[in-house]
Amino acid sequence: MVHQAQQLDSGQEMELIASSISKIHELEAKYGRPKNSVLLLAVSKKKSPEQIVKASRLGISHFGENYLQEAIEKINKLRELNLKWHYIGSVQSNKTREIAQSFDWVQSLDREKIALKLNEHRGNNLDALNICVQVNLSGERSKSGVSINQTEELCKLVEELPNLKLRGLMAIPAPQSDFQLQRIKFRELSRKFNALKTNYPSIDILSMGMSNDFEAAIAEGSTMVRLGTLLFGARL
Ligand SMILES: *Cc1c(COP(=O)(O)O)cnc(C)c1O
């Protein structure tokens, strides 16, 4: 059982990670997706550097973090592994310098002001910062993300900023246990993604799907699933 809140031993940890990777391949085949068309982002918030090292030994190279100080400690500690770090938490405007200088990706861009600040602080000594625009699919006021209708405007701005590279869209739909209803939400984002790709050729990442809905996301064309619990067990 993946969801029980108990400490896993090291063998169980490796097993969970390996089985998550094969599950993704299984779903690619099941839904007619090309092999390796779905990238795995390992969401390592609240997980130890040792667990990240284990995942990296199994071939995972992209890691997602929400809590800035915790993330920066891990990034510094694991520098030799050459991992790709994705910031997936909400970006506060007084944190843009640290985020722009420490991460390879920001998946949670949701406003113009933050785009301008990330661009300014990235500087040109580093490769452009990869950006996904976060879309609010549920229209919940409490959730971050731009509406589907405002998505292109923010993409256009990112495209114009020299130290940012527009890579795609990210969404966290409201929790929903019905598979068909999960698919309907993801389909909406997938349509927007395909429409944008025509005008913005750098777009290649559709970041959707978490532990409880990644099958529906893969069925609807996700190119990156963000898995935490499934991969590492419950966050204690
Ligand atoms: C925590 C988190 C995840 C992973 O969630 P799980 O349900 O544990 O897979 C994915 N995306 C974002 C943005 C998150 O904050």
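Keep in mind that what you see is a predicted model, and the values were worked out from it rather than measured.

## Let's talk about the pairing of strand β4 (residues 105-109)
And step 1. In terms of burial, β4 is a largely internal element, five of the five residues being buried.
And step 2. Pairing between strand β3 (residues 84-87) and β4: two bridges, direction parallel. Residue pairing in the sheet places Tyr-87 in a bridge with Val-106 of β4.
And step 3. For the handedness criterion, the β-α-β arrangement of β3, helix α4 (residues 96-102) and β4 is classed as right-handed.
And step 4. Looking at chain direction, β4 and strand β5 (residues 129-135) are connected through three bridges and run parallel.

## Focus on the environment of Glu-73
And step 1. Of note, Glu-73 is situated in helix α3 (residues 68-77).
And step 2. Among the residues examined, Glu-73 registers a relative accessible area of 60% and is labelled exposed.
And step 3. For the pair Glu-73 and Ser-207, spaced 134 residues apart in sequence, the C-alpha separation works out to 25 Å.

## Points about the pattern of salt bridges
And step 1. This structure, assessed with the given rule, holds eleven salt bridges.
And step 2. Here Glu-13 and Lys-54 are joined by a salt bridge, their closest N and O atoms 2.6 Å apart. Here Lys-54 lies in helix α2 (residues 49-57) and Glu-13 lies in helix α1 (residues 10-30), a separation of 41 residues in the sequence.
And step 3. When its relative accessible area of 11% is taken as the criterion, Glu-13 is described as buried.
And step 4. Residue Lys-54 is classed as buried on the basis of its relative accessible area of 16%.
And step 5. Each of Glu-65, Glu-70 and Lys-74 takes part in a single network of salt bridges with overlapping partners.

## Let's talk about the nonpolar core
And step 1. Ranked by internal contacts, the top residues of the largest apolar core, which has 60 residues, are Phe-63, Leu-109, Leu-118, Leu-169 and Leu-189.
And step 2. If near-sequence neighbours (up to four positions away) are discounted, Leu-189 is found in contact with Val-135, Leu-137, Ile-148, Leu-169, Met-170, Ala-171, Leu-206 and Met-208.
And step 3. Leu-41, Val-43, Ile-88 and Ile-205 belong to the second-largest nonpolar core, a separate cluster that totals eight residues.

Cut-offs used in this document
- Residues numbered from 1 in each chain as written.
- Predicted model: local features only at pLDDT ≥ 70, side-chain atom pairs only at ≥ 80, totals over all residues.
- Heavy atoms only, no water.
- Buried < 20%, exposed > 50% of the residue type's maximum accessible area, 1.4 Å probe, protein only.
- Helix = DSSP H or I, 4+ residues; strand = E, 2+ residues; numbered from the N terminus.
- Pairing = 2+ DSSP bridges.
- Right-handed = clockwise from strand over helix to strand, strands pointing away.
- Salt bridge = Lys/Arg side-chain N within 4 Å of Asp/Glu carboxyl O.
- Core = buried A, V, L, I, M, F, W, Y, C linked by side-chain atoms within 4.5 Å.
- Contact = heavy atoms within 4.5 Å.

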